[in-house]
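# Secondary and tertiary structure notes
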Amino acid sequence: RLFRDVFRCVPDDTIETFDQYKKFIPGHSVPHGHAVPGRSTAETLQTLRAVRGHLVPMPLNFLRYENLGAKLGDKELLVPVEVFT
């Protein structure tokens, strides 16, 4: 939860649709992996001091309600399935 609040890392397990994704990321002005604007450096460091142990994200629910398959007319349908496995 701490990394989610400070960095807005993607993929995240709380993002299940593209609408949630658009609300979650702070905008295109902040590169991925950078701290979210609006927080002071001291506040960010204080939050990160609470982290203990190792961080191993395994977002199993990321975009689970979105259909990510190829649509009719997409170039991916012309490529054999074996290429993607």
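Residues numbered from 1 in each chain as written. Predicted model: local features only at pLDDT ≥ 70, side-chain atom pairs only at ≥ 80, totals over all residues. Heavy atoms only, no water.

### Considering the overall build of the protein chain
Each helix and strand in the protein chain was counted, giving three helices and zero strands. Counting over 85 residues, the protein chain shows a buried share of 14%. Across the protein chain, every contact between residues at least 6 apart in sequence was considered, and the portion connecting residues at least 24 apart equals 65%. For the protein chain, the accessible surface area stands at approximately 7100 Å², while carbon and sulfur atoms represent 58% of it. (Helix = DSSP H or I, 4+ residues; strand = E, 2+ residues; numbered from the N terminus. Buried < 20%, exposed > 50% of the residue type's maximum accessible area, 1.4 Å probe, protein only. Contact = heavy atoms within 4.5 Å. Areas by Shrake-Rupley, 256 points an atom, 1.4 Å probe, with all protein chains shown as cover.)

### Overview of a nonpolar patch on the surface
There is a patch of nonpolar side chains on the surface, built from Leu78, Val79, Val83 and Phe84 and spanning about 430 Å² of accessible area. Within the fold, Val79 resides in the segment after helix 3 (41-48). (Patch = residues over 30% accessible without salt bridge, like charges linked within 9 Å, V, L, I, M, F, W, Y side chains within 5 Å. Salt bridge = Lys/Arg side-chain N within 4 Å of Asp/Glu carboxyl O.)

### Brief notes about the confidence of the model for the protein chain
Of all residues in the protein chain, 86% have pLDDT values of 70 or greater, and the mean over the chain is 79. When pLDDT is averaged over each element of the protein chain, helix 2 (residues 18-24) comes out on top at 86 and helix 1 (residues 2-7) at the bottom at 75. (pLDDT = per-residue confidence, 0-100.)

### Observations regarding the pattern of salt bridges
Any two side chains of opposite charge can pair, given that their charged atoms come close. By the definition in use, this model includes one salt bridge. With a shortest N-O distance of 3.1 Å, Arg64 and Glu16 are connected by a salt bridge. Taken together, the residues span a long stretch of sequence, with Arg64 in the segment after helix 3 and Glu16 in the loop between helix 1 and helix 2 at a distance of 48 residues. A residue is classified by how much of its surface remains accessible, and Arg64, at 43% relative accessible area, is partly exposed.

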